[in-house]
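Residue-level structural notes
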Amino acid sequence: MAAGARSGHGEPAERPGPPADAVPGPPEQAADPAAPGAERPEDGDPDGEGTGKPQRPFWKELPLLIVVALVLALLIKTFLVQAFSIPSDSMQNTLQRGDRVLVDKLTPWFGSEPERGEVVVFHDPENWLAGEPTPESNVVQDVLSFIGLMPSSKEKDLIKRVIAVGGDTVQCAKGGPVKVNGKALDEPYIFPGNSACDDKPFGPFTVPDGKIWVMGDHRQNSWDSRYHIDEKTKGFVPVDEVVGRAVVVAWPINRWSTLPVPDTFDQPGLSAAAAAAPGAIGLAGAVPLVLWRRRGLTGGRTAG
């Protein structure tokens, strides 16, 4: 029998090993839950006992969300836009009683002032609304108006169209149109059947700097600048009392529309500054010419 061989019921023969060119793999080890990519109970099993921070219930975060929403609404009301309700018929047919308009309060913060043709909301200058009743409100309305979600029922504000601004000359004779700096206004926005000013002719007046002259679109039903000429304000509204420009009719939905400036306020020569500009430019150009001519004449006499 050959040497090294075994027979019978002795030790079992050795298993054949891996091929000689096989690359040995890493030794087997237990999975580490902390190792990257390892499945953790809280990731794969919602019922597992995870070590991560549990998520807070929605009802616990709801008060914080409400506070944040109220703060944002208050900031928007203070600096961006505010809702106002139309209480009368003085701006028909542009605005109807009960309409809700959104007023731009942002641009005045950057130094913008009211311009001709804009519909603006302004605080009562000097008891223009004396004797007007103030509607009653409840607690809910007061809270919503405080954060800007509803118009305030306590503030006495007015809404009119700007006809002339500081430096403009404005007038209107009976049977005629409103004139600004001598230019007649074509006013298609006036309530049908109304005249431009037959019920209360005025002017000419020069609007002081920092003031505006306002009129309602429903001319025969608007207690506007014309009716306060003999009062302390002389009918003019201080720019500082202007809350902002009404830009959108937001409610009711079937009345949704923007409030652009009518084309009549874009006609050439309407601006007092523009009307004076050609003369000023001509004067500025004439001064150097006169000085040059005088210098030439003086030089000729000295040389002679």
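Keep in mind it's a predicted model, so treat the numbers as computed, not measured.

Focus on the overall build of the chain
Of the regular secondary structure elements, the chain holds four helices and twelve strands. Every one of the 304 residues in the chain was classed for burial, and the buried ones make up 28%. Looking at the chain alone, contacts between residues at least 24 apart form 70% of all its contacts between residues at least 6 apart.

Some remarks on the state of the cysteines
Under the definition given, this model contains one disulfide. Across the disulfide from Cys 172 sits Cys 197; the S-S distance is 1.9 Å. Note on the Cys 172 and Cys 197 pair: the S-S dihedral is about -90 degrees, so by sign convention the disulfide is left-handed. Of this pair, Cys 172 sits in strand S5 (residues 169-172) while Cys 197 sits in the loop between strand S7 (183-184) and strand S8 (202-206), and the two are 25 residues apart along the sequence. Each member of the pair, Cys 172 as well as Cys 197, carries the same accessibility label: buried.

A closer look at the side chain of Asp 217
Following the sequence through the fold, Asp 217 ends up in the loop between strand S9 (211-215) and strand S10 (236-238). Under the relative-accessibility criterion, Asp 217 is labelled buried at 0%. Ignoring sequence-local partners within four residues, the contact set of Asp 217 consists of Ser 90, Met 91, Gln 92, Thr 94, Arg 161, Tyr 189, Ile 190 and Phe 191.

A short note on the nonpolar core
One finds Ile 163, Val 170, Val 178, Leu 185, Phe 202 and Trp 213 to be the most contacted residues of the largest nonpolar core, which totals 18 residues. Counting residues per element, the ones that place at least two in this core are strand S4 (157-165), S5, strand S6 (178-180) and S9. Grouped together as the second largest cluster of nonpolar side chains are 13 residues, Leu 95, Val 103, Val 121 and Val 243 included.

Some details on the environment of Cys 172
By relative accessible area, which is 2% here, Cys 172 ends up buried. Discounting chain neighbours no more than four positions away, the residues touching Cys 172 are Pro 177, Val 178, Ala 196, Cys 197, Pro 201 and Phe 202.

Criteria and cut-off values
- Residues numbered from 1 in each chain as written.
- Predicted model: local features only at pLDDT ≥ 70, side-chain atom pairs only at ≥ 80, totals over all residues.
- Heavy atoms only, no water.
- Helix = DSSP H or I, 4+ residues; strand = E, 2+ residues; numbered from the N terminus.
- Buried < 20%, exposed > 50% of the residue type's maximum accessible area, 1.4 Å probe, protein only.
- Contact = heavy atoms within 4.5 Å.
- Disulfide = S-S within 2.5 Å.
- Core = buried A, V, L, I, M, F, W, Y, C linked by side-chain atoms within 4.5 Å.

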